[in-house]
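If you want the building blocks of each chain, they are given just below.
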Amino acid sequence: IDALRSLQPQLIRLVQFGSNECIPMRKPPDPSDVALAQAGLERCREAMHGGKYCIVILDEICVAIHFGLLTEEELMELVGERPTGVELICTGRYATAALIGAADLVTEMRPIKHPFDDQELAARDGIER
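As the structure is a prediction and not an experimental result, all values here were calculated from the model.

Lay out a nonpolar patch on the surface with the relevant residues and their values.
Together, L4, L7 and L11 line one region of the surface with nonpolar side chains, adding up to about 280 Å² of accessible area. Here L4 shows up in helix α1 (residues 2-6).

Written out as structure tokens, the structure is:
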């Protein structure tokens, strides 16, 4: 994140949505977290249609759907609106079958070892937030 911020605004535009806290999987999710996710999705829609960007990355969007912050239908509607010439990149675990089916490229990354597994680490400034 720090590296991306150093490239702003000439080469990249980084916009983050959501709280700075780790969102536990709550059923139902907190309405404030849902509202932040909705705002992020709408900002991605604007960026995708605005004609200024050729790549729009929805980082951890699959996790947001898994946690109930957004619906699969909302994401698939956005995917269906993608203009020619815009790459839409969706990341995160738990990609749905519909997203995988609609994607041009699907990559699965599998952690072998992660510091979150053995330690009670929170998101780190400059890395995850």
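I'd like a description of the environment of F17, backed by residues and values.
With respect to the secondary-structure elements, F17 resides in the loop between α1 and α2 (31-49). The exposure class of F17 is partly exposed, given its relative accessible area of 38%. On a C-alpha basis, the gap between F17 and A35 in space is 9.7 Å, while along the polypeptide they are 18 residues apart.

Account for unusual backbone geometry, naming residues and giving values.
Along the chain, Q8 connects to P9 via a cis peptide bond; the corresponding omega equals -10°. Tracing the sequence through the fold places P9 in the loop between α1 and α2. With a phi angle near 65°, E60 is a residue other than glycine that sits in the positive phi range. Along the chain, E60 falls in the loop between β1 (55-58) and α3 (61-66). Looking at E60, the relative accessible area reads 40%, which means it is partly exposed. Of note in the backbone geometry, Y94 takes a positive phi value of approximately 75° without being a glycine. Structurally, Y94 can be placed in the loop between β2 (87-90) and α5 (97-102).

Cut-offs and rules
Residues numbered from 1 in each chain as written. Predicted model: local features only at pLDDT ≥ 70, side-chain atom pairs only at ≥ 80, totals over all residues. Heavy atoms only, no water. Patch = residues over 30% accessible without salt bridge, like charges linked within 9 Å, V, L, I, M, F, W, Y side chains within 5 Å. Areas by Shrake-Rupley, 256 points an atom, 1.4 Å probe, with all protein chains shown as cover. Salt bridge = Lys/Arg side-chain N within 4 Å of Asp/Glu carboxyl O. Helix = DSSP H or I, 4+ residues; strand = E, 2+ residues; numbered from the N terminus. Buried < 20%, exposed > 50% of the residue type's maximum accessible area, 1.4 Å probe, protein only.

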